[in-house]
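Here's the letter readout for the chains.
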Amino acid sequence: MELCIIGAGYVGLTTGACLSEIGHHVAVTDCDAAKIADLERGRLPIYEEFLQPLVEGNQAAGRLRFTTEAPAAIAAAEAIFVCVGTPPDRDGKANLAAVERVTRQIAECAAGHKLIIGKSTVPARTAEHIRRTLDTFARNRASFEVVSNPEFLREGTGVYDFFHPDRIVVGCDTAAAAARMRELYRPVLEGLFQCPCHARPAADCGWHAPAWMETSTTSAELIKHAANSFLSLKISYANAIADICELAGADALAVLRGIGLDRRIGEAFLRPGLGFGGFCFPKDLSAFLEIAAELGYDFRLLREVQAINAERVALFVRKLRESLWVLEDKTLGVLGLAFKPGTDDTRLSPAMAVAHELLKHKLRLQVYDPKAMERARAELPPEVVYCGHPEAVAEGAEAVLILTEWPEFRALDWTAMKARMLRPLVLDGRNLFRAGELEALGFEYAALGQGVVAHTTSAAAPVTS
Ligand code: UGA
């Protein structure tokens, strides 16, 4: 199919590249001409595993192109994906200005019959507004079918997720639109692709046929918000349990595993620590609270989810203070700045929030992140020291803080790290280690949920549960 993607952000770019990989002809357009020029030259605005070769390969094969000529791309496409941003307003509501602008542009440029597919995360009934706007501003006797096709890709694993979805949700009004959507996703639904992450056929890379779900546009819009909110709720629940475990002297990781092994609950998203960040959960949670309030429902449960998450950074800094007593004039090493591993995204990153909080205390911060240094540099004050390799954060440090659980941090030479430190204290904000592991090397170790094991140099028995 001939497709047009409007918005070359994380969702649009990943979706566009993946759709071209399964054989569609995709034109990706964006109002940011510099971004399009970079993309044409093979420079991606984000780091996302497997995306660079996917873009290059499909560009070379002539299936993927980047253009600022939105009207021509819209006119040529059978289906147009709306992937523009919906950033939060001051009150937490999603700002739909870009969605409206793009909708009007489509109405003005389109001729013939078009499928308009909403992928941006939007409030309930946005598709209805899009439909009305298209009808109001349509020229050239164009006709439209509006589809809501929410995005469930995770940053960092977006390409993998596209090819291995649990479900594909399609909200639309007609059987004809649903049939076109099914055709569009057929290779993913039937496993007819070579997995770009494993370079193997779908059948050999853990692919399972995803559930296909057709529903109304409003239900599809709500599924996205309800899914993200539920995952946030799981994280805040895990963090509340972690706090209770600390008070009771229990091991939170063992307790949460014991909960998660119940298949009705599941182990995913029960990892306690600094809480959730990024540009999706915090924003979508606020937006969902606003949506519910506008519909006349006070979603108190989600307000508590937000409140628990908001306390995590302060709790972590308090723990650090308990160990270090005074923060002023100390040197601290920081491992991790991205909001989670596998991405360079620092937006609403709990790690960045910890850094900002610590920098209020006139101390020296030596930081390292495998991917997010450039973005962090643009945001943090100039006195921060950026290290060329992770071990360097330990130099003269009175504590090393693990703020993002990059797997490579586990594999560091921690004995060498210890030798560089002024005091061998590790505060683990992401439970990358289990209690006992670093103590066995002579560290003092504390984590959120595993209790404070302060001022010990004796080897503690590793926890086996
Ligand atoms: C999330 C959803 O997982 C996607 O399904 C959705 O498509 C996306 O938002 C979106 O709305 O676009 P993402 O923001 O990439 O994806 O990140 P997640 O992997 O879901 O993690 C979110 C945050 O929760 C991270 O800060 C992570 O460190 C934290 N987290 C996650 C925990 O603190 N504990 C956990 O157990 C899991």
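Residues numbered from 1 in each chain as written. Predicted model: local features only at pLDDT ≥ 70, side-chain atom pairs only at ≥ 80, totals over all residues. Heavy atoms only, no water.

Asks: Where do I start with the nonpolar core in this structure?
Replies: Side chains that are nonpolar tend, in soluble globular proteins, to be buried together. Counting 55 residues, the largest nonpolar core has Leu320, Leu332, Leu335, Leu358, Leu365, Leu401 and Trp414 as the members making the most contacts within it. Among the elements that make up this core, the one with the highest residue count is helix H14 (residues 312-324) (six residues). Aside from chain neighbours lying at most four places away, what touches Leu401 is Phe316, Leu320, Leu332, Gly333, Val334, Leu335, Leu358 and Leu427. By size, the runner-up hydrophobic cluster in this structure holds 47 residues, among which are Cys83, Leu189, Ala202 and Trp207. (Core = buried A, V, L, I, M, F, W, Y, C linked by side-chain atoms within 4.5 Å. Buried < 20%, exposed > 50% of the residue type's maximum accessible area, 1.4 Å probe, protein only. Helix = DSSP H or I, 4+ residues; strand = E, 2+ residues; numbered from the N terminus. Contact = heavy atoms within 4.5 Å.)

Asks: Got a minute to help me understand the packing of aromatic side chains in this structure?
Replies: The description of two aromatic rings rests on the distance between their centres and on the angle between their planes. Enumeration over the complete set of coordinates arrives at ten aromatic pairs. Relative to Phe281, the ring of Phe269 has its centre 6.2 Å away and its plane inclined at 50°; by these criteria the two rings are tilted. With Phe269 in the loop between helix H11 (252-260) and helix H12 (281-294) and Phe281 in helix H12, the pair connects residues that are twelve residues apart, well separated along the chain. Overall, Phe269 belongs to the partly exposed group, its relative accessible area being 32%. Given the relative accessible area of 12%, Phe281 is considered buried. Considering the side-chain rings of Tyr297 and Phe299, the 5.5 Å spacing of their centres and the 85° angle between planes classify their relative orientation as edge-to-face. The rings of Phe162, Phe163, Tyr185 and Phe193 are connected pair by pair, giving a single aromatic cluster. When the ring centre of Tyr386 is taken as reference, the NZ or CZ atom of Arg377 above it lies at 4.4 Å. (Phe/Tyr/Trp six-rings, centres within 6.5 Å; stacked < 30°, edge-to-face > 60°. Lys NZ or Arg CZ within 6 Å of the ring centre and 35° of its normal.)

Asks: When you look at the site of the ligand in this model, what are you seeing that I'm missing?
Replies: Close contacts around the ligand come from 20 residues, with Leu153, Glu155, Lys224, Asn228 and Arg271 the closest. Leu153 is positioned with one of its backbone polar atoms (N or O) 2.7 Å from an oxygen atom of the ligand. Between the ligand and Phe339, the relevant distance is 3.0 Å, taken from an oxygen atom to a main-chain nitrogen or oxygen of the residue. In the complex, the protein chains occlude 94% of the 710 Å² of accessible area that the ligand would expose alone. Counting residues per element, the ones that place at least two in the shell around the ligand are helix H10 (217-248) and H12. Per-element tally for the shell around the ligand: the top contributor is H10, with three residues. In the shell around the ligand, the residues fall into nine nonpolar, three polar and eight charged. (Near = heavy atom within 4 Å. Polar contact = N/O pair within 3.5 Å; in protein donor to acceptor, adjacent residues only side chain to side chain. Areas by Shrake-Rupley, 256 points an atom, 1.4 Å probe, with all protein chains shown as cover. Nonpolar A, V, L, I, M, F, W, Y, C, P; charged D, E, K, R; others polar.)

Asks: In this structure, what is going on with the domain arrangement of the chain? I would like to understand it.
Replies: The accessible area lost on association of the parts is a frequent measure of interface size. Domain boundaries assigned for the chain yield domain 1 (2-215), domain 2 (223-307) and domain 3 (312-447). If you look at the interface, domain 1 gives 18 residues, while domain 2 gives twelve residues. With both sides pooled, the region where domain 1 packs onto domain 2 buries about 1,200 Å², and carbon together with sulfur makes up 69% of that total. The interface formed by domain 1 and domain 2 includes one salt bridge. For Glu294, the salt bridge is made with Lys93, and the minimal N-O distance between the two is 3.2 Å. Taken together, the connections running from domain 1 to domain 2 amount to three residue pairs in polar contact (both at pLDDT 80 or more). At the level of secondary structure, the elements contributing two or more residues to the side of domain 1 that touches domain 2 comprise strand S7 (167-171) and strand S10 (211-215). (Domains from an automatic or database assignment. Buried area = accessible area lost by both parts, 1.4 Å probe. Salt bridge = Lys/Arg side-chain N within 4 Å of Asp/Glu carboxyl O.)

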